[in-house]
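Overview (structure and organization)
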Amino acid sequence: MIIEKKKSLKEYTTFKIGGPARFFCIVTNKDELIEAINFSKKSKLPFFILGKGSNILVSDDGFPGIAIKMEMKGITYMEDGNTVKVTVASGEDWDTLVKETVEKGFYGLENLSYIPGTVGASPVQNIGAYGSEVKDMIETVHVLDVLKDEYLDLSNEVCKFSYRNSIFKKDPRRYVVLSVTFILNKKGKLNYEYKDLKEYFTYKKIKEPNLEQVRDAIIEIRKKKLPDLRDCGSAGSFFKNVIVSATKAKELTTKYPEMIVHPLNDKKVKIPVAWILDNLCGFRGVKKGNVGTYKNQALVIINLGNATSAEVIALAQKMVDGVYEKTGIEIEPEVEYVI
Ligand code: EPU
């Protein structure tokens, strides 16, 4: 395995932003991963695990340690009655996996179609879209415990998944995801209750869509709402949605009657930050130097060409301040900063 020096990370991110990693390597198997981790330990430099770079913002100064790009490959299927266990190496492309499972007629991952990234990154931030979260299909996450130098099989419970969160996100230097085992179904139930999906099928006059139609619908919806990564850099939603108390939500809907709110239970309400940014702060489709927000989705910051991470952070701060001023809510980035 070659460990390169001073490798620009820009091209390894979907934002197309960022300086060089002090060291960089590509790992295709466990031995190479151990070699890279040992290098980091011996040289007392931090490591950073890179997938397809679709949820990160790399600093203009780069990363002062070793960036380890995961390219381990392999997919195995184990059928057992109506369920199928699929074990997938972390370097596999996420949407290629979703496409393959849908083609085989296995239910579970369809609502997570067309999300950029690798399989190894999917449990880290518990990817979610259109009323589905990957945690609901994950059985086990197979990892290297960097602290204890051992391989572990972590059950779903141990991973402590919640909205865009897990033990991997909370403690990023502890575990490296090697592969993930998903449980899928041969006779599953489709979920197309999400507003955009419902509207799509009503418009298309499809009463009972099938598995492939749900995937196709999501691809079409995502293509309309999110920027094409070939045209401009982006890392998807830049901020997380917020969960507030029912009292706070009542206060806000009294002030702003059109505000969209999703009650989770009697006490908690989820509020789409995109709606606030767009309708209360006028942040949809804005441009500031080389950065802006997407014309169809205010939550998405885009690189209009040659943007720096400093520019992104400056715009993000304006968005944080704007939301706070209007609602008193402090929004948090969903994108991970690599510094
Ligand atoms: N909205 C606006 N203005 C906008 C965008 C949206 O008013 O500019 C309104 C919409 O009309 C809708 C609501 O805000 O009523 C929510 O918008 P949307 O359905 O687009 O979803 P979101 O909450 O902004 C989340 C995820 C996305 C995921 C979509 C679809 C987060 C942070 N984001 O976005 O995930 O694709 O739902 O399920 O949870 C990502 O994580 O990178 C990502 C793109």
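Residues numbered from 1 in each chain as written. Predicted model: local features only at pLDDT ≥ 70, side-chain atom pairs only at ≥ 80, totals over all residues. Heavy atoms only, no water.

With that settled, the discussion passes to the site of the ligand. With respect to spatial proximity, 25 residues lie near the ligand, and among them Y130, Y163, Y194, N241 and D278 are the closest. Y130 places a polar main-chain atom, nitrogen or oxygen, 2.6 Å from an oxygen atom of the ligand. Within the backbone of A298, an N or O atom sits 2.9 Å from an oxygen atom of the ligand. Within the complex, 87% of the 820 Å² of free accessible area of the ligand lies under protein. Only α4 (195–203), α5 (211–225), β13 (233–237), α7 (273–280) and β19 (297–303) provide two or more residues apiece to the shell around the ligand. Residue composition of the shell around the ligand, grouped by class: 11 nonpolar, 5 polar and 9 charged. (Near = heavy atom within 4 Å. Polar contact = N/O pair within 3.5 Å; in protein donor to acceptor, adjacent residues only side chain to side chain. Areas by Shrake-Rupley, 256 points an atom, 1.4 Å probe, with all protein chains shown as cover. Helix = DSSP H or I, 4+ residues; strand = E, 2+ residues; numbered from the N terminus. Nonpolar A, V, L, I, M, F, W, Y, C, P; charged D, E, K, R; others polar.)

We now examine the side chain of D196. When you line up the elements, D196 lands in helix α4. One polar contact links D196 to K225, side chain to side chain, over a distance of 3.2 Å. Ignoring anything within four residues of it in the chain, the contact list for D196 reads Y130, I221 and K225. (Contact = heavy atoms within 4.5 Å.)

Where side chains of opposite charge bring their charged atoms close, a pairing between them can arise. With the rule as written, the count across this model stands at 18 salt bridges. Among the salt bridges present, the one from D228 reaches R230, with a minimum N-O distance of 2.8 Å. Owing to a relative accessible area of 72%, R230 belongs among the exposed residues under this scheme. Of the charged contacts in the structure, one is a salt bridge between K248 and E251, with a shortest N-O distance of 3.3 Å. Here K248 and its partner E251 are both found in helix α6 (residues 246–255), 3 residues apart, which amounts to about one turn of the helix. Accessibility expressed as a relative area gives 47% for E251, which makes it partly exposed. (Salt bridge = Lys/Arg side-chain N within 4 Å of Asp/Glu carboxyl O. Buried < 20%, exposed > 50% of the residue type's maximum accessible area, 1.4 Å probe, protein only.)

One open sheet accounts for 5 strands, arranged β6-β7-β12-β10-β11; its pairing is antiparallel. The open sheet is flanked by β6 (75–80) and β11 (150–155), the only strands paired with a single partner. Averaged over all neighbouring strand pairs, the angle between strand axes comes to 20°, with direction disregarded. Each of β10 (138–145), β11 and β12 (175–185) is contacted by helix α1 (residues 30–42), which is oriented at about 145° to β12, the strand it contacts most. Together, β6, β7 (83–89) and β12 form the strand contacts of helix α2 (residues 94–103), whose direction differs from that of β6 by roughly 35°. (Pairing = 2+ DSSP bridges. Axes fitted to C-alpha atoms, helices over the stretch in contact; angles between N-to-C directions.)

Turning to the packing of aromatic side chains, a few remarks are in order. Throughout the structure, instances matching the rule amount to 12 aromatic pairs. Taking the centre distance of 5.3 Å and the plane angle of 90° together, the rings of Y200 and F201 count as edge-to-face. For the residue pair Y200 and F201, the accessibility class agrees, reading buried in each case. The rings of F15, F238, F239 and Y337 are connected pair by pair, giving a single aromatic cluster. Between the NZ or CZ atom of K104 and the centre of the ring of Y77, over which it lies, the distance is 4.6 Å. It is K270 that lies over the ring of Y163; its NZ or CZ is 4.0 Å from the centre. (Phe/Tyr/Trp six-rings, centres within 6.5 Å; stacked < 30°, edge-to-face > 60°. Lys NZ or Arg CZ within 6 Å of the ring centre and 35° of its normal.)

Looking now at the domain arrangement of the protein chain. Under the domain assignment, the protein chain is made up of domain 1 (4–70), domain 2 (75–185), domain 3 (195–225) and domain 4 (233–338). A separation of 25 Å is found between the C-alpha centroids of domain 3 and domain 4. (Domains from an automatic or database assignment.)

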